[in-house]
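Residue-level structural notes
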Amino acid sequence: MLSTFQYPKFEYIRPPEIAEGREGHYPVVIVGAGPVGLAAAIDLARQGQRVLLLDNDDTVSIGSRGVCYAKRTLEVLDRLGCAEEMVQKGVSWNVGRTFFREEEVFNFNLCPEPDHHRPGMINLQQYYLEDDLIKRARQLPNLEIRFRNTVIGVTQRDDCATLRVETADGAYTLHADWLIVADGARSPIRTMLGLDIDGKIFMDRFLIADVVMKADFPTERWFWFDPPFHRNQSVLLHRQADNVFRIDFQLGWNVDPEEEKKPENVIPRIKSMLGDDREFELEWVSVYTFQCRRMNRFNHGRVLFVGDSAHQVSPFGARGANSGIQDTDNLVWKLKLVMDGKAPATLLDTYSEERCYAADENIMNSTRSTDFITPKSAVSKTFRNAVLGLAENHAFARALVNSGRLSVPSFLADSSLNTADSEVFAGNMIPGAPLDDAPIQTTEGTQWLLGAVGNRFQLLHYIPDASALDAATARALRSLIDAPIAVEAIVVAERGTAPAGLATLIDAKGRVRERYDLREGTSYLVRPDQHVAARWRTLDVAQVRVAVARATCNA
Amino acid sequence: MALNTQPNLHEPGKRHFRAFSSGDDFYEALIETHRELTDEQSAMVNARLILLLANHIGDLSVLREAMHIAREGV
């Protein structure tokens, strides 16, 4: 088994604290070098922050595990400078098909709108994603990763968290001004701190198999309810890189996971599904159960929980790693402002508020999918099969078929960081919305709006002809940079060039104007995580400053 | 009026950003209505629900079309 991927073995280096017999002190320590911990570390280090990342292992994810990486995640990874390799290596897809017994009853397109940079989803084995993230991390001189360093104790005071870390050379002590916990669903640190996580366990088991084979299946997600080759249960098929296919069989609760994992039991299931004598090789097999649960809050003093350590969802919808990476997207800019003394620590409370809201949405959607896929009562199953039966001929029923509502970002419409609209706008780009992408023309050629925004507060100001921007407005836009929390002004226009000192983005296809309902004078204040903070029909520097203060808890 | 079989579920005053949300809200509420009922109780709830909704719709031509489609293929 496991032949398409060569697992790297990362070197353990004796920590300087042990070599020099002293305690260590770091501004930020992150525990867990999975996708979420790595994303947090890279994001902080890119912004000039010194970071120490600890991991108890010395390789990447064993087995493909997290397979689906959503459009929003790719946009975050673009901001971190590493999505392109993943998209090249992975399998991009937008179409999902759902079958009931022998018939296709429903299909969906994750990205029905043209002119977005990234696809709705890519499938990529988690080990490739982690390998790329580690390569990216190693380009950053102020990011240190220590493999085979296991946290065995943690305490915290008002001004720091203290870790006891075990290595092959013995244990040592680290103090961290801030501790980011990305140590996974079982989170040893959460347990060490005596913090609870509440939710429910689902009484079902699923078998996942990675199969290597030559197959000309289209790059689509296929989901079967009650197929002839696996009666009364569901099956899911995804194509990954290297001709590896992920097959997911629902097994029910009353099976022995150890028996089910044996190749002599797995291979007949796959043969029956493929229905021919096609050659294939089994790469990796696992049986899983799942829970939906989250912590009450994600920040506890100096300790910040991200990813599965803070919340868990069922796998239907690919909302695990995707939501974890979005946690870091939300957290890092806030933590950086707090560390730089530019925002009060209460800004971190809004990390918890906004991401608890997102976690609840993820748990709600994945629980609904689970309840549809595995009905818990006879009447629930009757309704489910009625929907599937009607779906072939009736559009309303197709809309109710729920084989997984795939990861999409939350609209943080109720966030306390938003400034409410005082004018009328059409479309979805409300305060709290994750920005929609659109093509733009710059001096460097065709690019993407989301490639031009992020990492700092920015103001997008629209005028049809950038060359016609009057001197007073240009001065006002430029003045936004002169503040403790600088705002970079960008002129969005159909044509022309803004006066010196202002960047111009040309909305060549008109998609920015369309998606953001832009008119002459319309201005959007954008957060460092590419969410709308506020918007106006006319530019007023004083209002922009008030909105920045509000978005950073400085009001 | 003909029977509407296009997606039609919505909730006044509630804004959704995803096409599937209002349908999923309905479906969850429907299943929740049956929580912890016996099969016999569930059948009774379903019957009452149909009667209530039929009266609300009112138009017998619409109801006859729905009854016809519901029975097809069962």
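Please read these numbers as outputs of a predicted model, since none were measured by experiment.

1. Structural notes on the overall build of chain A
- What chain A contains, in helices and strands, is 16 helices and 26 strands.
- Rg of the C-alpha trace for chain A: 25 Å, near the compact-globule value of 24 Å for 555 residues, within the 12% margin.
- Considering only C-alpha atoms, chain A reaches an extent of 75 × 70 × 40 Å along its principal axes.
- In chain A, buried positions account for 59% of the 555 residues.
- For chain A, the accessible surface area stands at approximately 21400 Å², while carbon and sulfur atoms represent 48% of it.

2. Overview of the sheet that holds strand β15 (residues 244-250) of chain A
Residues and elements named next belong to chain A.
- The strand order across the open sheet built from eight strands is β6-β5-β13-β14-β15-β12-β16-β19, with neighbouring strands paired in mixed fashion. Looking at the sheet topology across the chains shown, the edges are occupied by β6 (103-109) and β19 (311-312).
- Pairing analysis gives five bridges linking strand β14 (residues 234-239) to β15, with the strands arranged antiparallel. Within the sheet, the bridge partner assigned to Val 235 lies in β15 and is Phe 249.

3. Focus: the packing of helix α10 (residues 347-373) of chain A against helix α1 (residues 21-33) of chain B
- It is the contact of α10 of chain A with α1 of chain B, at a shortest axis distance of 11 Å, that shows an interaxial angle of 60°. Relative to α1 of chain B, the element α10 of chain A lies oblique. Where α10 of chain A crosses over α1 of chain B, the two elements pack in a sense that is left-handed. Here Met 364, Asn 365, Arg 368 and Phe 372 of chain A of α10 of chain A lie close against α1 of chain B, whose contacting residues are Ser 21, Asp 24, Asp 25, Tyr 27 and Glu 28 of chain B.
- Here the contact of α10 of chain A with α1 of chain B is built from residues that sort into three nonpolar, two polar and four charged.

4. Comments concerning the sheet that holds strand β4 (residues 91-93) of chain A
Residues and elements named next belong to chain A.
- Judged by pairing direction, the sheet is antiparallel, and its three strands sit side by side in the order β3-β7-β4 without closing on themselves. Both outer strands of the open sheet, β3 (68-70) and β4, are each paired with one neighbouring strand and no more. In this sheet, neighbouring strand axes are inclined to one another by 30° on average, regardless of whether the strands run parallel or antiparallel.
- With three bridges joining them, β4 and strand β7 (residues 121-123) adopt antiparallel strand pairing.

5. Notes on the domain arrangement of chain A
All names here are of chain A.
- Each domain of chain A was delimited in the assignment, giving domain 1 (16-89 + 123-197 + 293-365), domain 2 (200-291) and domain 3 (439-551).
- Computed from C-alpha coordinates alone, the two centres of domain 1 and domain 2 are separated by 31 Å.
- For the pair domain 1 and domain 2, the two sides together bury roughly 1400 Å², of which 52% comes from carbon and sulfur.
- Across the domain 1-domain 2 interface, the total number found is one salt bridge.
- Its salt-bridge partner being Asp 242, residue Lys 89 comes within 3.1 Å of it at the nearest N-O pair.
- Our enumeration of links across domain 1 and domain 2 arrives at nine residue pairs in polar contact (both at pLDDT 80 or more).
- Here the side of domain 1 that touches domain 2 is composed, by residue class, of nine nonpolar, six polar and three charged.

Definitions and cut-offs
Residues numbered from 1 in each chain as written. Chains lettered and ligands numbered in written order. Predicted model: local features only at pLDDT ≥ 70, side-chain atom pairs only at ≥ 80, totals over all residues. Heavy atoms only, no water. Helix = DSSP H or I, 4+ residues; strand = E, 2+ residues; numbered from the N terminus. Rg over C-alpha atoms; globule rule 2.2 N^0.38 Å. Buried < 20%, exposed > 50% of the residue type's maximum accessible area, 1.4 Å probe, protein only. Areas by Shrake-Rupley, 256 points an atom, 1.4 Å probe, with all protein chains shown as cover. Pairing = 2+ DSSP bridges. Axes fitted to C-alpha atoms, helices over the stretch in contact; angles between N-to-C directions. Parallel < 35°, antiparallel > 145°, perpendicular 65-115°, else oblique. Left-handed = near helix turned anticlockwise from the far one by under 90°. Contact = heavy atoms within 4.5 Å. Nonpolar A, V, L, I, M, F, W, Y, C, P; charged D, E, K, R; others polar. Domains from an automatic or database assignment. Buried area = accessible area lost by both parts, 1.4 Å probe. Salt bridge = Lys/Arg side-chain N within 4 Å of Asp/Glu carboxyl O. Polar contact = N/O pair within 3.5 Å; in protein donor to acceptor, adjacent residues only side chain to side chain.

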